[in-house]
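Take a look at the letters that make up each chain.
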Amino acid sequence: MTVFWFLTVALTCGVAALLTLALVRGRRDTGPAEAFDLKVYRDQLAEIDRDAARGVIAPEDAERLRTEVSRRILAADSRVQEGKDVSQVRRGGMVFPAVLTLALLGGGIGLYWQLGAPGYGDLGLERRKEMARDARESRPSQAEAEAEIARAGPAPLLEEPPAEYLALVKRLRGAVQERPDDLQGQTLLAGSEAALGNYVAASEAQAQVVSLRGEGATARDYADLADMRILAAGGYVSPEAEDALNAALSRDPANGVARYYYGLMMAQTGRPDAAFRLWQDLLRDSTATDPWIVPLRAQIEDMAMRAGVDYQLPPLVDAPGPSAADIDAAGEMSEADRQEMIRGMVARLSNRLATEGGPPEDWARLIGAHSVLGDTAQARAILQNAEEVFVGNAAALETIRAAARSAGMLP
C-alpha cells in the first residue's frame, strides 16, 4: 500500500505541475494596458520629430502634435502609477495553481476512500480464480446450511394444505418407516414432503430413492435430489448438492435443472463469468415453458454485469414454431391460406433459431416443416447447420437426425 500511495501522490503532483506550467506559459507578461499605451505614444513622438526634420509637416503642426501626444503620455503614466503593481499580480496568479493541486490531492484521496478499497491489494484474474476455488472448497456442508435455516424457523406456507392430504402424508410416512426399502413409497414420500415445503425430509427420501435404484438411477433422480437439497438449504448449493449435480450431468449433460443450479453454484463461489456462460447456453437451449426459465431470466442480466459482459436479454418467445397439430389444423383452410400460414410460422421459428438458438426439438420441427412445404434444399441446409450447432452432443444429434429420417432425407 505504501507504493500505491506514493505513486498516487506523485502522479497527482505531476498532473498539477503540468497544469500549472500551462497556466504560467499561457499568461502574457505585457503589463497593464496603459503601459502599452505609453510605448505607443513615445513612438508617435519620435515619428513626429522625423516627419518635421524631413519637412513632411509644418513646424507649427509638429508642435501642436507634440503637445497633444505629451498630454496623453502624462495621463497614461498617471494611470499606471495608480494601478496595481505587476509583481502583486504575479503573486496573486499563483494562488489558483496551488488550489488546483490541493483539490486534485484531496478530491482524489476522498473519492478513493469512498469508492475504493483501502488496505486491499490488487486482485488479478488468477488471484480471483484462486479465491473462488478456496471459497468452493471451504464452503459450509449441507448439514450446516440446514441447521442455519432451522434456526431461522420454518417458512410460512402460502396455502394451508387440506386436512385429508396431511392425513395421507402422515400415513405414508408411517408406511415408509416400516418398509424403508419400498422404492415406490420413498418416491411418493419425496414428492409429498416437497409439496408441503419439508425439503429436508424430501431430500432424505429422494436420497433413499437414488440409493435403492443404484446404477439404474437416472439424471432426473439426481437432479431432483440436488433440487431438494438446495431448497432445504435456502437456495445455497452445498458440496453434497454439487455431488448430485455432477451425477446428473454425467448421465445427461443437457439436463436443464442441473445446468441451472451448477451456474448458481459458480456464482455463489465467486465465478460469475462461468455462471453467465452456463446460463447463456442454457437459455439458448430452453423453451418458454421450461421450469427454470423464470428464475434464469430474472438473474442472467445481473450475472452478465458481474461478469463484465455487455448482454441484452432476448425477448421471450412463447410459440416455438409450427407443430404437427398446427399443420393438421391448417387442413380446413384453402391451399393458399394454408401455405401462407405455415410459411409464416416456419419463418418465425427459423429467425429465432438463427438469432437465439434453441433446443434440438425445435431444429427437428423446423426440418419437418420445410419437408412438408417441399423445401427439401432448405431442410438439408438446416440439417447441416444443426449438426454444426450440436456437434459432440449425441442425444441432440439423434433427435435432429430422426426428424431428417422421417422426412426421407437420411436412410
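Residues numbered from 1 in each chain as written. Predicted model: local features only at pLDDT ≥ 70, side-chain atom pairs only at ≥ 80, totals over all residues. Heavy atoms only, no water.

Here we take up the overall build of the protein chain. Counting secondary structure elements, the protein chain contains 20 helices and zero strands. Within the protein chain, contacts between residues separated by at least 24 positions form 58% of all contacts whose residues are at least 6 apart in sequence. (Helix = DSSP H or I, 4+ residues; strand = E, 2+ residues; numbered from the N terminus. Contact = heavy atoms within 4.5 Å.)

Another point: the pattern of salt bridges. A complete count under the given rule lists 20 salt bridges for this structure. Notably, a salt bridge pairs Asp281 with Arg284, separated by 2.5 Å at the nearest N-O pair. Taken as a pair, Asp281 and Arg284 lie in helix α14 (residues 272-285) at a separation of three residues, close to a single helical turn. When its relative accessible area of 34% is taken as the criterion, Arg284 is described as partly exposed. (Salt bridge = Lys/Arg side-chain N within 4 Å of Asp/Glu carboxyl O. Buried < 20%, exposed > 50% of the residue type's maximum accessible area, 1.4 Å probe, protein only.)

On to the confidence of the model for the protein chain. Do not read the predicted coordinates in detail wherever pLDDT is low. Looking at the protein chain as a whole, its pLDDT mean stands at 80, while 81% of the residues score no less than 70. Averaged pLDDT values for the elements of the protein chain fall to 48 in helix α4 (residues 86-93) and rise to 95 in helix α12 (residues 239-251). Of the regions scoring below 50 in pLDDT, residues 84-92 engages in four contacts with residues more than four places distant in sequence or in other chains. (pLDDT = per-residue confidence, 0-100.)

We now examine helix α9 (residues 183-195). With 13 residues, α9 ought to run about 18 Å at 1.5 Å a step, and its terminal C-alpha atoms sit 19 Å apart, in line with that. Within the sequence span of α9, burial applies to Gly185, Gln186, Leu189, Ala190, Ser192 and Glu193. Lining the buried residues of α9 we find α8 (163-178), α10 (199-213) and α11 (219-232). Measuring from the backbone nitrogen of Gln184 back to the side-chain oxygen at the start of α9 gives 3.3 Å, which picks out Asp182 as the cap. Of the residues one or two after α9, Gly197 is the one with positive phi, at around 85°. (Expected span 1.5 Å × (residues − 1). Polar contact = N/O pair within 3.5 Å; in protein donor to acceptor, adjacent residues only side chain to side chain.)

So, about the environment of Met345. By the secondary structure assignment, Met345 is in helix α17 (residues 335-355). Distance from Met345 to Ala369, taken between C-alpha atoms, is 9.3 Å for residues 24 residues apart in sequence.

What follows is about the packing of aromatic side chains. Within this structure, the stated rule accounts for four aromatic pairs. Judged by centre distance (5.3 Å) and plane angle (55°), the ring pair of Tyr260 and Tyr261 falls under tilted. A relative accessible area of 9% means that Tyr260 is categorised as buried. For Tyr261, a relative accessible area of 11% puts it in the buried group. Ring centres 5.1 Å apart and planes at 75° place the aromatic pair Phe276 and Tyr311 in the edge-to-face group. (Phe/Tyr/Trp six-rings, centres within 6.5 Å; stacked < 30°, edge-to-face > 60°.)

On to the packing of α14 against helix α15 (residues 293-306). In a packed pair of helices, the relevant descriptors are the angle between the two axes and the axis-to-axis distance. Running from amino to carboxyl end, α14 crosses α15 at an angle of 140°, the nearest separation of the two axes being 9 Å. The orientation of α14 with respect to α15, classified from their angle, is oblique. Crossing of α14 over α15 shows left-handed handedness. Residues Pro272, Ala275, Phe276, Trp279, Gln280, Leu282 and Leu283 of α14 touch α15, and the partners they reach there are Ile293, Leu296, Arg297, Gln299, Ile300, Met303, Ala304 and Arg306. In terms of residue class, the contact of α14 with α15 is made up of eleven nonpolar, two polar and two charged. (Axes fitted to C-alpha atoms, helices over the stretch in contact; angles between N-to-C directions. Parallel < 35°, antiparallel > 145°, perpendicular 65-115°, else oblique. Left-handed = near helix turned anticlockwise from the far one by under 90°. Nonpolar A, V, L, I, M, F, W, Y, C, P; charged D, E, K, R; others polar.)

Relative to the helices and strands, Glu146 resides in helix α7 (residues 142-152). In terms of polar contacts, Glu146 uses its side chain to reach the side chain of Gln142, at 2.9 Å. Beyond its immediate stretch of four places on either side in the chain, Glu146 contacts Val200, Ser203 and Ala232.

On to the packing of α10 against α11. Running from N to C, α10 and α11 cross one another at 160°; their axes reach a closest spacing of 8 Å. In terms of axis orientation, α10 runs roughly antiparallel to α11. Between α10 and α11 lies a crossing of left-handed hand. From α10, Tyr199, Val200, Ala202, Ser203, Gln206, Ala207, Val210 and Arg213 reach across to α11, where they touch Asp221, Tyr222, Asp224, Leu225, Met228, Arg229, Leu231 and Ala232. Across the contact of α10 with α11, the residue classes break down as ten nonpolar, two polar and four charged.

Let's shift gears to a nonpolar patch on the surface. Taken together, the side chains of Val3, Phe6, Leu7 and Leu11 define a hydrophobic patch exposed on the protein surface, amounting to about 460 Å² of accessible area. Classification of Phe6 as exposed rests on a relative accessible area of 60%. (Patch = residues over 30% accessible without salt bridge, like charges linked within 9 Å, V, L, I, M, F, W, Y side chains within 5 Å. Areas by Shrake-Rupley, 256 points an atom, 1.4 Å probe, with all protein chains shown as cover.)

What follows concerns α11. With 14 residues, α11 should reach 20 Å at 1.5 Å per residue; the first-to-last C-alpha distance of 20 Å fits that figure. For α11, a buried count of ten out of 14 residues is recorded, marking the element as mostly surrounded by other parts of the structure. Of the residues making up α11, those classed as buried are Ala219, Asp221, Tyr222, Ala223, Leu225, Ala226, Met228, Arg229, Ile230 and Ala232. Backbone geometry just downstream of α11 places Gly234 in the positive-phi region, at approximately 70°.

Inspection of the secondary structure assignment puts Ala298 in helix α15. The class of Ala298 is exposed, set by a relative accessible area of 62%. In sequence terms Ala298 and Leu313 are 15 residues apart; their C-alpha atoms lie 9.6 Å from each other.

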